[in-house]
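Each chain is listed here by its residues.
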Protein chains: 2
Amino acid sequence: MAGRRVSLLLSAFEINGPNLTSQGLWAHPEQDTVRYTDLDHWLDLARTLEEGGFDLLFLADSPGYPVLGGTTPDVTFEQAVEMPTNDPLLLVPAMAAVTRRLGFAVTASTTFEGPYSNARRFATLDHLTRGRIGWNVVTTSSAVVSDLHGTAPLPAHDIRYDVADEHLELSYRLLEGGWEDGAVVGDKQARRYADPRRVHEVHHDGRWFSSHGYFKVEPSPQRTPVLFQAGASERGREFAATHAEVVFVQGRDAAGVRRQVQDVHARAERHGRPRGSVRTLAGLTVVLGRDRAHARDRLERYLSWVHDDAARAYFASMTGVDLRALDQRADLGTVSTEGGRTQVERYRGETVARATADFLRFGMREFVLTGSVTEVADDVERLVEETGVDGFNVTPFLVPGSYVEFCAELVPELRRRGLVDQPRAREESLTLREVIFGAGRTRLPADHPAARFRRSSREAG
Amino acid sequence: MAGRRVSLLLSAFEINGPNLTSQGLWAHPEQDTVRYTDLDHWLDLARTLEEGGFDLLFLADSPGYPVLGGTTPDVTFEQAVEMPTNDPLLLVPAMAAVTRRLGFAVTASTTFEGPYSNARRFATLDHLTRGRIGWNVVTTSSAVVSDLHGTAPLPAHDIRYDVADEHLELSYRLLEGGWEDGAVVGDKQARRYADPRRVHEVHHDGRWFSSHGYFKVEPSPQRTPVLFQAGASERGREFAATHAEVVFVQGRDAAGVRRQVQDVHARAERHGRPRGSVRTLAGLTVVLGRDRAHARDRLERYLSWVHDDAARAYFASMTGVDLRALDQRADLGTVSTEGGRTQVERYRGETVARATADFLRFGMREFVLTGSVTEVADDVERLVEETGVDGFNVTPFLVPGSYVEFCAELVPELRRRGLVDQPRAREESLTLREVIFGAGRTRLPADHPAARFRRSSREAG
């Protein structure tokens, strides 16, 4: 596929809490996610990922929690279903301190984070990481979160995306338009820190946000963090096609994923962004073994740790749908949900009974590959061919076990096949945007909507 | 003074930007603050402070910038007057990763940070630092900041404190009342993460804030971060007496500082908090030399780097007062300022001309001591005797130079005199609250207003 990245992007999928997507796995004897409050857990993980060949660590956030029929079931607390979950952004500076190459993509909500504070935080992180930060832009579909923040009711689905569009517009004004390149002189001898003619007041009076004044953060390497997005609805896809640089595609069916990948690229082109402007990542779980049978046996043993009621509560939290309250023969993809949530769309054409059985095994996992190193490498190669994705968001069962296995066994094989880059020297410093789009492309390109908010002193003069 | 801490608390005063309180010092050849965007700068500093005997690093924030007569003067950018300044909170995780004992007190505004997000961030940091986090509660007096956040007009001074009272009440509900002690079982064998009966929904419907639901963060070592405050107005002092555990006193006159220290303790007692509930810190700048004359000469050389117009712009930013626009013979302490800012109160009884001359030298510095190590140690001893303060917020000219000098020369002498604790073993892990109030006191005491928001399962039924 034209414009596809030559070597696969490898992203690790994490959350700042005890469970990721398999509710109950926190209790596995080899599971270290229960150490999520311990900084050393994250420092070790960051080192493991960087040394093992990962390009970035993706931090989801789970700001809400399950509510079924107006109450939160006990299983939420007993099995740590999205509860507790700590702030993800604060993990990054510590992990940045012990790595040189690993990127970080962190989830922050346009519905609940003010654009000014959010831009200041990401710009600060872009400085501290030397350009290794990305922002996973989410609009947050859980009404629980608006109750917690005291901003109920949650805006309707499409409105949330309108808000997100304006949030990003203001973010671009601040991050791209506040300071020109070269505005910081930093000349101690001339006693001149910055050139006032090249710092510009931002003025934004929108429907949802306003901001007036100078952005407090001097230009960081990437300015706008690399923009990640996972919108699956029509409105969400349009949003991603407009803004996103990396899009998460969903599902476990190669043909369906291929259609999504093509849709992402076609939409981006319609928004004036050339081929290659957007990278796609699919979720990938790998369980290795001596052979398929052994690997499948290992997979089944992991799956046996999923707690069914916890998984149902998790499904309800993400979708607003109580699987037990539905006709088991109905098409789950056609169920209408409060807040217009779209997570159920992936189950279009599936009965509630079948979708439930699937979710109780795999949660939100996408592709699950089992086999020997050679077999899984073959599968990866075929998947890439069939889907056109640019890389994978690797979703573990065990932390750090699943990553250790992936790095020690699969990555060397993928490297042998030229599917994954050879290790970069620790000294070779690239920004996250360069890792994703190639050396030299640290900033958003001129055809990205952020570019029109850049300002030059000529125009200001 | 009864209840005073036996050994002095040593805090280092920093900001995430090129200038602290001496505008222009960024350009000094030995000044490293220009490396403020570089994580290594902060890691090195944290190690220097911990090894050198400091108890904590205090991070101010400067979310606004100078505006005089409706515009921001060029000197703001040329001399980096509160511009740029990055987010302070994001420095903490990285510095926590390379230290074991150093505490961190970070400024966050009750006017601009939502209580739920703020509580989640500080609780996350309390986990990651293992109980070494403090919160410097500010209400933000700069209208520039409300313009940036799109929430203009800035509420009036006393209203901001009412908002702050409610912000803290909600913070206590979340941090102290959301989860009982022992709510997290973490029993893998029993497959039981938390006890649902010991996690409680928070319900708050106040005048300015509301929040409904479960707090997402499990109990951290200290729960509520150690509360720092610097309110100088009548309303600010009442706020501090109600909530604060560490109060910054202001001024450069020992008798005046003594009155403030006594006022802090008397007010706290009136609020039902026994002697010893609040520690006081005074600002302290130290310049050492072979003798007084040599040290004073070094001091004058530092002061010669202050840029006069930059200092005036800085004064305007903090107070709303343009020193040049005033009658030079007027009493600066009686000038009324927009927004009811109170920074000028410290100049009560001083003419504008004299106050200006002082500010152009010392900015917001408090005590400035010059002399040989023995002389300065004598002065420190006398200051403590005269004022009753529990410690000092050490305000450098050069980073890290001023701290290196302080740690290498003065701290050993203060230790010899029993004024400062002997170094703790790196293994001896204390929370910040224990460092300040003594081993075993990791949580807020029962007589603090936060305590009434704690909940027990008995009460919950």
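Residues numbered from 1 in each chain as written. Chains lettered and ligands numbered in written order. Predicted model: local features only at pLDDT ≥ 70, side-chain atom pairs only at ≥ 80, totals over all residues. Heavy atoms only, no water.

1. Considerations on the nonpolar core
Inclusion rule: We call a set of buried residues a nonpolar core when its members are Ala, Val, Leu, Ile, Met, Phe, Trp, Tyr or Cys and they connect through side-chain atoms within 4.5 Å of each other. Type-normalised accessible area, obtained with a 1.4 Å probe on protein chains alone, sets the label of each residue: buried when under 20%, exposed when over 50%, and partly exposed for intermediate values. Contacts are assigned to residue pairs with any non-hydrogen atoms lying within 4.5 Å of each other.
Core analysis: the largest hydrophobic core is formed by 185 residues, its most contacted members being Phe54(A), Phe392(A), Phe54(B) and Phe392(B). Here Phe54(B) is in contact with Leu10(B), Ser11(B), Ala12(B), Leu49(B), Leu102(B), Val394(B), Tyr403(B), Phe406(B) and Cys407(B), once residues within four sequence places are set aside.

2. Observations regarding the packing of aromatic side chains
Residues and elements named next belong to chain A. Quick reminder of the rule: Pairing of aromatic rings covers Phe, Tyr and the six-membered ring of Trp, with a centre-to-centre limit of 6.5 Å; geometry is then stacked below 30 degrees between planes, edge-to-face above 60, and tilted otherwise. Helix and strand definitions here come from DSSP, where helices need a minimum of 4 consecutive H or I residues and strands a minimum of 2 consecutive E residues; each element is numbered from the N-terminal end.
Following the criterion strictly, the structure yields 32 aromatic pairs over all chains and no others. Centre to centre, the rings of Phe13 and Phe58 are 5.5 Å apart; their planes meet at 45 degrees, and the pair counts as tilted. Residue Phe13 is located in strand S1 (residues 9-14), and its partner Phe58 is located in strand S2 (residues 56-59); the two are separated by 45 residues in the primary sequence. You can call Phe13 buried: its relative accessible area is 18%. Under the relative-accessibility criterion, Phe58 is labelled buried at 5%.

3. Some words on the relation of the copies chain B and chain A
How we decide: We superpose the copies by least squares over the C-alpha atoms of residues that have a pLDDT of at least 70 in both of them.
It takes a turn of 180 degrees to lay chain B on chain A, together with a shift of 0.0 Å along the axis; the resulting RMSD is 0.0 Å. Considering both components of the superposition, the chain copies are consistent with a two-fold axis. No C-alpha of chain B lies nearer the rotation axis than that of Ala94(B), which sits 1.9 Å from it. A share of 100% of interface residues in chain B that are also interface residues in chain A marks the association as one of identical surfaces.

4. Points about the confidence of the model for chain A
Condition: Confidence scores labelled pLDDT are given residue by residue by the predictor and lie between 0 and 100.
Taken over all residues, the pLDDT of chain A has a mean of 94, while the share at 70 or more is 95%. Predicted complex, confidence summary: ipTM 0.96, pTM 0.97.

5. Some points on the interface of chain B and chain A
To keep things clear, this is the line we draw: Defined here as a combined quantity, buried area equals the accessible surface (1.4 Å probe) lost by two parts on assembly, summed across both. Definition used for salt bridges: Asp or Glu carboxyl oxygen within 4 Å of a side-chain nitrogen of Lys or Arg. Polar contacts, as counted here, are pairs of nitrogen or oxygen atoms within 3.5 Å of one another; within protein the pair requires one atom able to donate a hydrogen and one able to accept it, and residues that are adjacent in sequence qualify only if both atoms are side-chain atoms. Under this grouping Gly is polar, as are all residues other than the nonpolar Ala, Val, Leu, Ile, Met, Phe, Trp, Tyr, Cys and Pro and the charged Asp, Glu, Lys and Arg.
Across the boundary between the two partners, chain B contributes 78 residues, which contact 78 residues of chain A. When the two sides are added together, the surface that chain B and chain A hide from each other amounts to roughly 6500 Å², 57% of it contributed by carbon and sulfur. Contact with chain A buries area across many residues of chain B, yet Lys188(B), Arg191(B) and Lys216(B) alone supply 13% of it, more than any other trio. For the pair chain B and chain A, the number of links is 10 salt bridges. Between Arg192(B) and Glu78(A) there is a salt bridge, and its shortest N-O distance comes to 3.5 Å. Taken together, the links from chain B to chain A amount to 46 residue pairs in polar contact (both at pLDDT 80 or more). Elements with a minimum of two residues in the side of chain B that touches chain A: helix H1 (39-52), helix H2 (75-78), helix H3 (92-97), helix H4 (115-128), helix H5 (143-149), strand S5 (184-187), strand S6 (192-194) and strand S8 (210-213) of chain B. With 8 residues, the single largest contributor to the side of chain B that touches chain A is H4(B). By residue class, the composition of the side of chain B that touches chain A is 36 nonpolar, 23 polar and 19 charged.

6. Notes on the pattern of salt bridges
All names here are of chain A. Evaluation of the coordinates by the stated rule reveals 80 salt bridges over all chains. Ionic pairing is found between Arg173 and Glu169, a salt bridge with its closest N-O pair at 2.6 Å. Of this pair, Arg173 and Glu169 both sit in helix H6 (residues 157-177), 4 residues apart, which is roughly one turn of that helix. A relative accessible area of 24% means that Arg173 is categorised as partly exposed. Take Glu169: its relative accessible area is 23%, and that puts it in the partly exposed class.

7. Focus: the environment of Glu201(B)
Mapped onto the elements of the fold, Glu201(B) is located in the loop between S6 and strand S7 (202-205). Residues contacting Glu201(B), with those up to four places away along its chain left out, are Gly213(B), Tyr214(B) and Arg455(B).

8. A look at the environment of Asp253(A)
Residue and element names in this part refer to chain A. Mapped onto the elements of the fold, Asp253 is located in the loop between strand S10 (246-249) and helix H8 (254-270). Linking Asp253 and Glu366, residues 113 residues apart in sequence, is a C-alpha distance of 8.4 Å. Those residues in contact with Asp253 that sit more than four places away from it in its chain are Arg259 and Phe367. Separated by 2.8 Å, the side chain of Asp253 and the backbone nitrogen of Gly256 make a polar contact.

9. Quick notes on helix H7 (residues 234-243) of chain B
Residues and elements named next belong to chain B. Of all 10 residues in H7, 7 are buried, a share of seventy percent or more. What H7 keeps buried is the set Arg235, Gly236, Phe239, Ala240, Ala241, Thr242 and His243. Lining the buried residues of H7 we find strand S4 (133-138), helix H6 (157-177), strand S9 (226-229), strand S10 (246-249) and helix H8 (254-270).

10. Some remarks on H8(B)
Residue and element names in this part refer to chain B. Cut-off, in case you're wondering: One less than the number of residues in a helix, times 1.5 Å, gives the span that helix is expected to have.
The end-to-end C-alpha separation of H8 is 24 Å, in line with the 24 Å expected for 17 residues at 1.5 Å each. Listing the buried residues of H8 in full gives Ala254, Gly256, Val257, Gln260, Val261, Asp263, Val264, His265, Arg267 and Ala268. Next to the buried residues of H8 lie H7, S10, strand S11 (279-288), strand S12 (367-371) and helix H12 (373-387).

11. Quick word on unusual backbone geometry
Note the cis peptide between Ala152(A) and Pro153(A), where omega equals -5 degrees. Within the element layout of this structure, Pro153(A) appears in the loop between helix H5 (143-149) and H6. With an omega of 0 degrees, the peptide bond running from Val399(A) to Pro400(A) counts as cis. In this structure, Arg130(B) is a non-glycine residue whose phi angle is positive, near 55 degrees. Position of Arg130(B) among the secondary structure elements: in the loop between H4 and S4. Although it is not a glycine, Thr140(B) adopts a positive phi angle of roughly 65 degrees. Within the secondary structure, Thr140(B) is located in the loop between S4 and H5. When its relative accessible area of 9% is taken as the criterion, Thr140(B) is described as buried.

12. Overview of the pairing of strand S9 (residues 226-229) of chain A
Residues and elements named next belong to chain A. Applied cut-off: Pairing between two strands is assigned when DSSP locates at least 2 bridges connecting them. A crossover counts as right-handed when, viewed with the strands pointing away from the observer, the path leading from the first strand over the helix to the second turns clockwise.
Of the two faces of S9, the one lined by Val226 and Phe228 and the one lined by Leu227 and Gln229 are each fully buried. As paired strands, strand S4 (residues 133-138) and S9 are joined by 3 bridges and run parallel to one another. For Trp135, the partnering residue across the bridge sits in S9 and is Leu227. Judged from the 2 bridges that link them, S9 and S10 form a sheet pairing that is parallel. Paired with Phe228 across the two strands is Val246, which belongs to S10. For the handedness criterion, the β-α-β arrangement of S9, helix H7 (residues 234-243) and S10 is classed as right-handed.

13. Brief notes about the pairing of S10(B)
The side chains of a regular strand alternate between both faces of the sheet. All names here are of chain B. Side chains Val246 and Phe248 project from S10 onto one buried face, and the interleaved Val247 and Val249 project onto a second face that is buried too. Bridge count for S10 against S11 is 4 bridges, and the pairing is parallel. Paired with Val247 across the bridge in S11 is Thr280. Handedness of the S10-H8-S11 crossover: right-handed.

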